Amino acid sequence: MSALLPESGPGDPGSGCQRSPKLRGAGMMMPRLVPRWPAWLFCWRAACIQGASVRQKMWAGPSKIPGLGGPRGAWGTSPLVPRGSCSASSRTPEVTLTPERYPVRRLPFSVVSEDDLAALERVVPGRVITDPEELEPPNVDWLRTVRGSSKVLLRPRTTQEVAHILRYCHERNLAVNPQGGNTGMVGGSTPVFDEIILSTALMNQVLSFHDVSGVLVCQAGCVLEALSQYVEERGFIMPLDLGAKGSCHIGGNVATNAGGLRLLRYGSLRGTVLGLEVVMADGTVLNCLTSLRKDNTGYDLKQLFIGSEGTLGVITAVSILCPPKPSTVNVAFLGCPGFAEVLQTFRTCRAMLGEILSAFEFMDAECMKLVRLHLGLSCPVQESPFYVLIETAGSGPGHDAEKLGCFLEQVLDSGLVTDGTLGSDERRIKMLWALRERITEALSRDGYVYKYDLSLPLDRLYDLVGDLRARLGPSAKHVVGYGHLGDGNLHLNVTSEAFSTSLLGALEPYVYEWTAGQRGSVSAEHGLGFKKKDVLGYSKPPEALQLMRQLKALLDPKGILNPYKMLPTHA
Ligand SMILES: O=C(O)CC[C@@H](O)C(=O)O
Ligand SMILES: [Zn+2]
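A quick note: this is a predicted structure, and the numbers were derived from the prediction, not measured. (Residues numbered from 1 in each chain as written. Chains lettered and ligands numbered in written order. Predicted model: local features only at pLDDT ≥ 70, side-chain atom pairs only at ≥ 80, totals over all residues. Heavy atoms only, no water.)

1. Overview of the sheet that holds strand 1 (residues 128-129)
What holds strands together in a sheet is hydrogen bonding between their backbones, with the strands either parallel or antiparallel.
Step number 1: Ordered by their spatial adjacency, 4 strands build an open sheet running 1-2-4-3, and the pairing between neighbours is mixed. Both outer strands of the open sheet, strand 1 and strand 3 (176-179), are each paired with one neighbouring strand and no more.
Step number 2: The sheet contact formed by strand 2 (residues 153-154) and strand 4 (residues 196-199) spans 2 bridges and is parallel. Paired with Leu153 across the bridge in strand 4 is Ile197.
Step number 3: Against the sheet, helix 8 (residues 159-172) touches strand 2, strand 3 and strand 4, its axis set at about 165° to strand 4. (Pairing = 2+ DSSP bridges. Helix = DSSP H or I, 4+ residues; strand = E, 2+ residues; numbered from the N terminus. Contact = heavy atoms within 4.5 Å. Axes fitted to C-alpha atoms, helices over the stretch in contact; angles between N-to-C directions.)

As structure tokens, then:
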């Protein structure tokens, strides 16, 4: 494979394009100064002159993608989407109660009494919700696959209120389900039985922002998109970005160690979260809300809560490091003839784009089919077996555009990419991202969705998709593969008209065994929640599970925090 590509890096940014023998003539006509128009445009034009129609198409400007007037990340951007008109809800009005579908037994927690309601009303006056209609949405997950039967939702505003609530519930042995935006994929944010729902929705204040360090301190219930807007107005960005940004809460993001679209560039929340405030199961407030980049004093306790899915404590505030906002963003949407070419494009991309690469996502042709079918989006390039979305983010428009242009030239010349299109203005960038970000939404409209979120070695990343198509045959409606290729993260999704136990039986444990055989992870970024808790053992040894149980027993001895989640049912 390496014979196709040069081992060398991008070379001199001021003259990179001119190094291509095909462009030499055109390059000599160009000024050697940083051009006013992006350099890739000049490279592109030169290539077009040579009659490469696919490049002409890329160069020729925006193609029309209907139905994308809304902001990027539509499945989560509109808070209405998760509960409303365009999710699977219109087809499946009733979601089966979780204990009716899954083998799970209620643990011996107390049942909320009238006295409890009165006591809780004193803690959060006017914010104890018992109206069945209001309780319906928070009892059901976004995918409409699990449903609890909680009779109470609490809406605290302050850490002290959360502390009072937990102290009370701990004493009374009442189970609690912490809930942020309820956008999770594994049934982690909805109750299984009658757990009290503790919503962070009203804990939505920014506490401080430092415009030199970029450290943001905020309450857990701030919506990710609102935070993005807040820091962007101050010249920074959030270090994470998700399709669910319009609904998800930062506390939930941290509790699930959400990955998303920027992880490739800015790393995981384990690195960017600087401090946390957490309320423990017994109501103790653990204030580790520091904003220090460096702090080697003792165990890094915040790491225990990042990714613990609300089972060890309730995150009430977050201190997070925001990177400076890039002044130049470009997106390339490319078609590749095969998965080997996708991988080689990634390799070339890392070598040639280096520090300006901010995302490398991929999707297969089936995904494109579904976003077209269910969302009316159109493919902006020639039909291809695979598509990649590459984003660059930097500070020098000429520099970035030239690097991108040279990279595109290289991948087109070598046949790794057969067609593509570019976006550098906000509207077009959003349009291109929507094709990738809205796959989840399209899948939800296709029927019942079986979701797998796997970390796999890059060269085996897509094998399971083909393997499953052959294994499942017509019993599955669609089998699709997409995801964060740059992070080695495959989103494998299978749809069927309705939930089917036999299809589930054909998928599991097969998918998990296959993944374990590659030493992969059975949950790359979505966590385990309720639906994946029993497969933890495929990715962690028994000793690790044992230590996790001991930690849980230490921090939440009565097991009241988000029970039935994350840890396997049986020891
Ligand atoms: O729906 C999925 O499987 C993935 C959702 C999300 O993690 C994404 O990357 O779009
Ligand atoms: Zn993802």
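2. A few points about helix 7 (residues 132-139)
Step number 1: Regarding helix 7, the residues found buried are Leu135, Pro138 and Asn139. Along the axis of helix 7, the buried positions cluster into a sector of 100°, meaning they face one direction only.
Step number 2: The elements touched by buried residues of helix 7 are strand 1, strand 2, strand 3 and strand 4. (Buried < 20%, exposed > 50% of the residue type's maximum accessible area, 1.4 Å probe, protein only. Arc of directions from axis to C-beta.)

3. Let's talk about the state of the cysteines
Step number 1: According to the stated counting rule, one finds 0 disulfides in the structure shown.
Step number 2: A disulfide-free cysteine, Cys222 has its sulfur positioned 4.3 Å from the sulfur of Cys218, the nearest such atom. (Disulfide = S-S within 2.5 Å.)

4. Comments concerning the sheet that holds strand 6 (residues 215-219)
Step number 1: Judged by pairing direction, the sheet is antiparallel, and its 5 strands sit side by side in the order 5-6-9-7-8 without closing on themselves. Bordering the open sheet on either side are strand 5 (206-209) and strand 8 (285-288), each of which pairs with just one other strand. Adjacent strand axes in the sheet meet at a mean angle of 15°, parallel and antiparallel pairs treated alike.
Step number 2: Packing against the sheet, helix 8 makes contact with strand 7 (273-279), strand 8 and strand 9 (314-321), and its axis sits at approximately 45° to strand 7.

5. Regarding the environment of Cys248
Step number 1: The topology assignment puts Cys248 in the loop between helix 9 (224-232) and helix 10 (250-255).
Step number 2: Residues Cys248 and Gly180, spaced 68 residues apart in sequence, show a C-alpha to C-alpha distance of 6.5 Å.
Step number 3: Here Cys248 is in contact with Gly181, Thr183, Cys222, Val223, Leu224, Leu242 and Asn253, once residues within four sequence places are set aside.

6. Some points on unusual backbone geometry
Glycine aside, negative phi is the norm for most residues, and most peptide bonds take the trans geometry.
Step number 1: In this structure, Pro509 follows Glu508 across a cis peptide bond, with omega equal to 10°.
Step number 2: As for its placement among the helices and strands, Pro509 is situated in the loop between helix 20 (501-507) and helix 21 (510-517).
Step number 3: Here the phi dihedral of Arg519 falls at roughly 55°; this positive angle occurs in a residue that is not glycine.

7. Quick notes on the site of ligand 1
Step number 1: Within the structure, ligand 1 sits among Met185, Arg436, Thr440, Lys451, Tyr482, His484, His491, Asn493, Glu525 and His526.
Step number 2: Tyr482 places a side-chain nitrogen or oxygen 3.0 Å from an oxygen atom of ligand 1.
Step number 3: At a separation of 3.0 Å, an oxygen atom of ligand 1 approaches a polar side-chain atom of His491.
Step number 4: About the coverage of ligand 1: the protein hides 92% of its 300 Å² of free accessible area.
Step number 5: Going through the elements one at a time, strand 15 (478-484) and strand 16 (489-496) are the ones with two or more residues in the shell around ligand 1.
Step number 6: A breakdown of the residues in the shell around ligand 1 according to their chemical character gives 2 nonpolar, 5 polar and 3 charged. (Near = heavy atom within 4 Å. Polar contact = N/O pair within 3.5 Å; in protein donor to acceptor, adjacent residues only side chain to side chain. Areas by Shrake-Rupley, 256 points an atom, 1.4 Å probe, with all protein chains shown as cover. Nonpolar A, V, L, I, M, F, W, Y, C, P; charged D, E, K, R; others polar.)

8. Re the coordination of the zinc ion (ligand 2)
Step number 1: Ligation of the zinc ion (ligand 2) by protein atoms is provided by His484 (NE2), His491 (NE2) and Glu525 (OE), these donors lying 1.8 to 2.1 Å from the ion.
Step number 2: All donors of the zinc ion (ligand 2) belong to a single chain; written as a sequence motif, their spacing is H-x6-H-x33-E. Both residues of the pair, His484 and His491, count as buried. (Donors = N, O, S within 2.8 Å, 3.2 Å for Na, K, Ca; no water.)

9. Notes on the confidence of the model for the protein chain
Step number 1: Per-residue confidence for the protein chain gives a mean pLDDT of 86, with 84% of residues at or over 70.
Step number 2: Confidence, expressed as mean pLDDT per element, reaches its minimum in the protein chain at helix 1 (residues 24-29) with 23 and its maximum at strand 4 with 99. (pLDDT = per-residue confidence, 0-100.)

10. Digging into the packing of helix 19 (residues 463-472) against helix 21
Step number 1: Orientation of helix 19 relative to helix 21, taken along the N-to-C sense of each, is 150°, at an axis distance of 12 Å. Accordingly, the angle class assigned to the pair helix 19 and helix 21 is roughly antiparallel. As helix 19 runs across helix 21, the sense of the crossing is right-handed. Facing Asp463, Leu464, Asp467, Leu468 and Arg471 of helix 19, the residues of helix 21 in contact are Tyr510, Val511, Trp514 and Thr515.
Step number 2: A per-class count over the contact of helix 19 with helix 21 returns 5 nonpolar, 1 polar and 3 charged. (Parallel < 35°, antiparallel > 145°, perpendicular 65-115°, else oblique. Left-handed = near helix turned anticlockwise from the far one by under 90°.)

11. Describing the pattern of salt bridges
Step number 1: Inspection of every chain in the model, using the stated rule, returns 23 salt bridges.
Step number 2: Of the charged contacts in the structure, one is a salt bridge between Lys302 and Asp300, with a shortest N-O distance of 3.0 Å.
Step number 3: Ionic pairing is found between Glu355 and Lys403, a salt bridge with its closest N-O pair at 3.0 Å. Of this pair, Glu355 sits in the loop between helix 14 (339-353) and strand 11 (357-364) while Lys403 sits in helix 16 (residues 397-413); the two residues are 48 residues apart in sequence, bridging distant segments of the chain.
Step number 4: Ionic contacts of the salt-bridge type, sharing partners, join the residues Asp241, Lys245, Arg262 and Glu437 into one network. (Salt bridge = Lys/Arg side-chain N within 4 Å of Asp/Glu carboxyl O.)

12. Considering the side chain of Gln179
Step number 1: Inspection of the secondary structure assignment puts Gln179 in strand 3.
Step number 2: A polar contact of 2.9 Å, which involves the side chain of Gln179, links it to the backbone oxygen of Pro138.
Step number 3: Excluding its chain neighbours within four sequence positions, the residues that come into contact with Gln179 are Pro138, Ser189, Thr190, Ile197, Leu198, Ser199 and Thr200.

13. Regarding the packing of aromatic side chains
Step number 1: On inspection of all chains with the given rule, the structure shows 17 aromatic pairs.
Step number 2: Plain terms: the ring middles of Phe109 and Tyr564 are 6.5 Å apart, the flat faces sit at 90° to each other, and that makes the pair edge-to-face. Of the two residues, Phe109 sits in the loop between helix 5 (98-101) and helix 6 (114-123) while Tyr564 sits in the segment after helix 22 (542-555), which places them 455 residues apart along the sequence. The burial state of Phe109 is the same as that of Tyr564; both residues are buried.
Step number 3: Each ring, one from Phe339 and one from Phe362, has its centre 5.5 Å from the other, and the planes form 65°; the classification is edge-to-face. Of this pair, Phe339 sits in helix 14 while Phe362 sits in strand 11, placing them 23 residues apart in sequence.
Step number 4: Taken together, the aromatic side chains of Phe339, Phe362, Phe386 and Tyr462 make up a single cluster linked through ring pairs. (Phe/Tyr/Trp six-rings, centres within 6.5 Å; stacked < 30°, edge-to-face > 60°.)

14. Re the packing of helix 14 against helix 16
Step number 1: Where helix 14 contacts helix 16, the axes come no closer than 10 Å and their chain directions differ by 150°. In terms of orientation, helix 14 and helix 16 fall into the roughly antiparallel class. The handedness of the crossing between helix 14 and helix 16 comes out as right-handed. Residues Thr345, Thr348, Cys349, Met352 and Leu353 of helix 14 form the contact with helix 16, whose own contacting residues are Lys403, Leu404, Cys406, Phe407, Gln410 and Val411.
Step number 2: Looking at the contact of helix 14 with helix 16 residue by residue, the classes come out as 7 nonpolar, 3 polar and 1 charged.

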